Amino acid sequence: MSDKESPLLNLSERGRKKNGETIFSGKRLFMQLLAFGNCYDARALVEAIERSGIDGVIYADINDPSGIGLLSLSAHPDFFIDELRKFTNESPFAKLDFKPKFTMLGRTYSLGYEDDLEKILRTEPRRRVLDPELAWAIWYPLRRNKAFEALSENEQRAVLGEHGKLGFKFGHAGYAKDIRLACHGLDKHDNDFVIGVLGKELFPLSSLIQAMRKTKQTSRYIESMGPFFVGKVIWQSGV
């Protein structure tokens, strides 16, 4: 088949209505976490980002007494080059020590069965990271091993289902909410996903990650996880 005869490649996220009809969306949300050290005046950072109008969160890094994290989000990747870069280079952030090992960049994605793609891809992830009640966050990248890709679709679904049920239990109990971002080709260490685990308290988040170590996905099909950024919100833009 010639190039002229080839069908167009559909890169849209897919979902499924309750009647079985396949639905599509080309809208996604990108999120990036940047970490900095030697921050001794967080108030100056908050004042600067409030003036900028950037959508995001500033975290205090629990593992660095002078560390902070900046999570920014946008539907347009150009934002991170055109606006965020200018802001971090010209605001009080420029005086901080950048910690690139904690940089994470990912995009929201669908699993193919969701019946509300706008909610899954944009409104719900944004609402969660900007929810003032979810003050604690653990962010980390992960990479699956090649054995997972060799599984059949049904086998993959079963593995992911076990993992998902555990997350649902914690979420239903009010202990934790998750953010799932794909970072294929976006991560310098070749990770596949960026995960955010958010909650009112820190211990349940640690407990969830501990419990997930026993699932088949983590114990058999995860090649690497981390580094982990653990922070508490000191500023959020409005929902």
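Everything below is about the structure shown above.
Another aspect to go through is the packing of helix α5 (residues 153-172) against helix α6 (residues 202-212). Packed helices, taken two at a time, are described by their axes: the angle between them and the distance between them. Interhelical geometry of α5 versus α6 gives an angle of 160° and a closest axis separation of 10 Å. By the angle class used here, α5 and α6 are roughly antiparallel. Crossing of α5 against α6: the hand is right-handed. Between α5, through His163, Leu166, Gly167 and Phe170, and α6, the contact on the second element is made entirely by Pro204, Ser207, Leu208, Ala211 and Met212.

Among the nonpolar cores identified, the biggest contains 22 residues, and Met31, Tyr59, Leu71, Val129, Trp139 and Leu198 are the most heavily contacted of them. Every element with two or more residues in this core is listed here: β3 (30-37), β4 (56-61), β5 (68-74), β8 (136-144), β9 (177-182), β10 (193-199) and β12 (229-236). The biggest single contributor to this core is β3, with three residues.

Looking now at the pattern of salt bridges. Going through the model one piece at a time under the given rule, you end up with 16 salt bridges. Salt-bridge contacts for arginine 126 lead to aspartate 55; the nearest nitrogen and oxygen are separated by 2.8 Å. In this pair, arginine 126 sits in helix α3 (residues 117-129) while aspartate 55 sits in the loop between α1 (42-52) and β4, placing the two residues 71 residues apart along the sequence. The class of aspartate 55 is buried, set by a relative accessible area of 19%. Note that glutamate 124 and arginine 128 form a salt bridge whose closest N and O atoms lie 2.9 Å from each other. Pair noted here: glutamate 124 and arginine 128 are both in helix α3, with a separation of four residues, about one helical turn. Summarising the burial analysis for this pair, glutamate 124 and arginine 128 share the class buried. Counted as one network, the salt bridges with shared partners bring together Glu124, Arg127, Arg128, Asp131, Asp178 and Arg180.

Analysis parameters
- Residues numbered from 1 in each chain as written.
- Predicted model: local features only at pLDDT ≥ 70, side-chain atom pairs only at ≥ 80, totals over all residues.
- Heavy atoms only, no water.
- Axes fitted to C-alpha atoms, helices over the stretch in contact; angles between N-to-C directions.
- Helix = DSSP H or I, 4+ residues; strand = E, 2+ residues; numbered from the N terminus.
- Parallel < 35°, antiparallel > 145°, perpendicular 65-115°, else oblique.
- Left-handed = near helix turned anticlockwise from the far one by under 90°.
- Contact = heavy atoms within 4.5 Å.
- Core = buried A, V, L, I, M, F, W, Y, C linked by side-chain atoms within 4.5 Å.
- Buried < 20%, exposed > 50% of the residue type's maximum accessible area, 1.4 Å probe, protein only.
- Salt bridge = Lys/Arg side-chain N within 4 Å of Asp/Glu carboxyl O.

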